[in-house]
Structures are given as C-alpha cells and as structure tokens.
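# A look at the structure
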Amino acid sequence: MDLGIRGRVALIGASGRGLGLATATRLAMEGCHIAICDKDTAVLEGALAQVKAAATSTGETIKAFAYPVDLTSAQDIDRLAADVRRDLGPVGILVTNSGGPPPGGFEEATDEKWVFAYSLTFLSAVRLIRAVLPDMKAQKWGRIINFTSRSLREPIPNLIISNSVRLAVGGMAKTLAGEVAKYGITVNNVCPGPTTTDRAIELAKARAAKKGISYDEEMAATVKGIPLGRLAKPEEQAAAVAFLCSEPAGYVTGISLLVDGGAVQAL
Ligand SMILES: NC(=O)c1ccc[n+]([C@@H]2O[C@H](COP(=O)([O-])OP(=O)(O)OC[C@H]3O[C@@H](n4cnc5c(N)ncnc54)[C@H](OP(=O)(O)O)[C@@H]3O)[C@@H](O)[C@H]2O)c1
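### Section: the domain arrangement of the protein
- Taken domain by domain, the protein holds domain 1 (9-195 + 235-259) and domain 2 (199-231).
- Computed over C-alpha atoms, the centres of domain 1 and domain 2 are 26 Å apart.
- Summed over both sides, the interface of domain 1 with domain 2 buries roughly 380 Å², with 52% coming from carbon and sulfur.
- By the criterion of area lost to domain 2, the three top residues of domain 1 are Pro194, Thr195 and Glu236, representing 85% of everything that side buries.
- In this assembly, domain 1 and domain 2 are joined by one salt bridge.
- A salt bridge links Glu236 to Arg230; its shortest N-O distance comes to 2.7 Å.
- In this assembly, domain 1 and domain 2 are joined by one residue pair in polar contact (both at pLDDT 80 or more).
- Here the residues of the side of domain 1 that touches domain 2 sort into one nonpolar, one polar and two charged.

Here's what the structure looks like:
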C-alpha cells in the first residue's frame, strides 16, 4: 500500500531508542523528513544514522535531524518545535511518546511521582500538539498519533500511575479529534502490549532477578496471557503508527488501536 506521506515532516517524541526510534525509522522508509529527539543525547547520533540508513534502504531521499530535549520541560518543547520548523519546515505528522511513568502501587505513589508522570506522559503530549497544531491547520492536513499503552483499555497491576495518566491522554485525544477534524487533522492512539525494546528486556531481566527466576521464566509468564504467544517487535508497533499517519487512513480518527497480540479481552 502506498502510504502517500512522502515529503511530509514527521516529529517523533523520545525517538533515540525503542518505539520512538522504530517509528522514526519506519516513517523514513516511507520518505518522510524526520525529526528525532531524546533526553539521552548519547543515543541520538547512532539513532540518526539508523534513520538515514532506513530511508536509503528504500531508495528515499530525506532530511533528518536529531535534537536533545527533556519532554517534561515546556521551554524545551517550544525550542524543539521551533528548531524543527527552521530545519525541516512545518510538521505534518506528530508522534507523541516519552519514557514510562514510575511503576508501583497506590501506596508507593507519592505526589512527586504523580506530578512527574503527569508532566512526562500527559503534558508532554499536550505541549507537543499545541506547538505543531497551527502549522497543521494551515496545511489543512495533519496526523497526530499518541503512543500510549494497552492500559488505556485494561489497567495493568503495579502501574497505577501509568494506568491513570494514560487515560488522560486518551480523553484529551478523543476530544481533540472532534475539534480538529474540520482541518483535515486526525488524532489517534496506538496502545502497545509488551514489546521487545531494549528497555522492556532490561526491565524483564530486573523483574526476574527480583523474583529469583530466570529471564526465560519471566518471559514465559508475560507471554502466557498473549494469544499470539510472543511479545511484539518494535517494528510492529511502528507499522501501526505508519498506517495511522497515512493518506489511506484519512477517515480514521479518535481511535485507540491495540497492538497487543490479542492480550486485552475487553471488546
Ligand atoms: N516497550 C513496551 O513493552 C511498551 C509497552 C507499552 C507501553 N510502552 C510505553 O511506550 C513508551 C516508549 O517505550 P519504549 O519501550 O520505547 O521505552 P525506551 O526504550 O525506554 O525509550 C524511551 C526513550 O525516552 C527517553 N526519555 C525518557 N524520559 C524522557 C524525557 N523526559 N524527555 C525526552 N526523552 C525521554 C529515554 O531516555 P532515557 O533512557 O535517558 O530515560 C529513552 O531513550 C513508554 O512510555 C512506555 O511506557 C512501552
């Protein structure tokens, strides 16, 4: 399928590694100009090289830039948006994404953690959208995709903060989808289940060590509730995002697309 997005400018949050980088790489393969960003500046150079190589592999000629950013900072996001506009032009595709909120149950969730997660997960999405929306309205075209989690549909034990703040993103996105549809802008969420990013693998190893079991045993327990019998690959999450960014997806807005191997049982 031709996604019809060659030449569009795409800004992807927290894209130095993991789901963000997989998405940047996928959109580069479609011929989008790419802005990646991350708090971890050490990974940006390698990530940018991967993005450019991906475009080359499909015969696309793109521009791509990398920016350091702390997505909990309003000033950083404003600066990022201005820099991307200067280097690449008006953003047409925005993928909001950031690090995960602190894990734990209710009694471990201090005010400090709640406020941090609200800023990291919810406000970062709001601020990124606010920064690019005027240019999307002017283009009369836009694609906003928020990376959330399957917890948007079904809370995950021991992730009370994540379960809560991701619902705020879902509520905001659904309402915004109705407000901006008249400008040709769609707003959707991609809701990943467990995915084999480096970070997810590190976390699984840490959980296994804490429980005194092997990594393979921990993974077997995770996979147990997944009908497809395995974790997702980052590229599979990115493919879902790429479809929602596409021209053929122009009539899809306000949805939350589960990419979880069938794990969530809710209809
Ligand atoms: N992978 C999964 O199984 C899965 C499933 C469902 C939902 N998710 C969610 O999807 C998102 C991405 O997950 P991932 O697995 O791709 O994570 P990841 O591999 O850890 O990548 C996240 C990137 O974001 C960066 N980051 C963290 N805080 C930031 C900030 N304030 N400003 C800018 N960059 C920041 C991280 O840098 P540092 O390394 O320096 O922190 C890291 O490079 C997370 O919210 C995660 O909870 C993941």
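### Considering the site of the ligand
- Neighbouring residues of the ligand: 26 residues in total, closest Arg17, Leu19, Thr195, Thr197 and Arg199.
- In the environment of the ligand, an oxygen atom lies 2.7 Å from a nitrogen or oxygen atom belonging to the backbone of Leu19.
- Protein burial of the ligand: of its 890 Å² of free accessible surface, 86% is covered by the chains.
- Of all elements in the fold, only helix H1 (18-29) and helix H6 (198-211) reach the threshold of two or more residues within the shell around the ligand.

Calculation notes
- Residues numbered from 1 in each chain as written.
- Predicted model: local features only at pLDDT ≥ 70, side-chain atom pairs only at ≥ 80, totals over all residues.
- Heavy atoms only, no water.
- Domains from an automatic or database assignment.
- Buried area = accessible area lost by both parts, 1.4 Å probe.
- Salt bridge = Lys/Arg side-chain N within 4 Å of Asp/Glu carboxyl O.
- Polar contact = N/O pair within 3.5 Å; in protein donor to acceptor, adjacent residues only side chain to side chain.
- Nonpolar A, V, L, I, M, F, W, Y, C, P; charged D, E, K, R; others polar.
- Near = heavy atom within 4 Å.
- Areas by Shrake-Rupley, 256 points an atom, 1.4 Å probe, with all protein chains shown as cover.
- Helix = DSSP H or I, 4+ residues; strand = E, 2+ residues; numbered from the N terminus.

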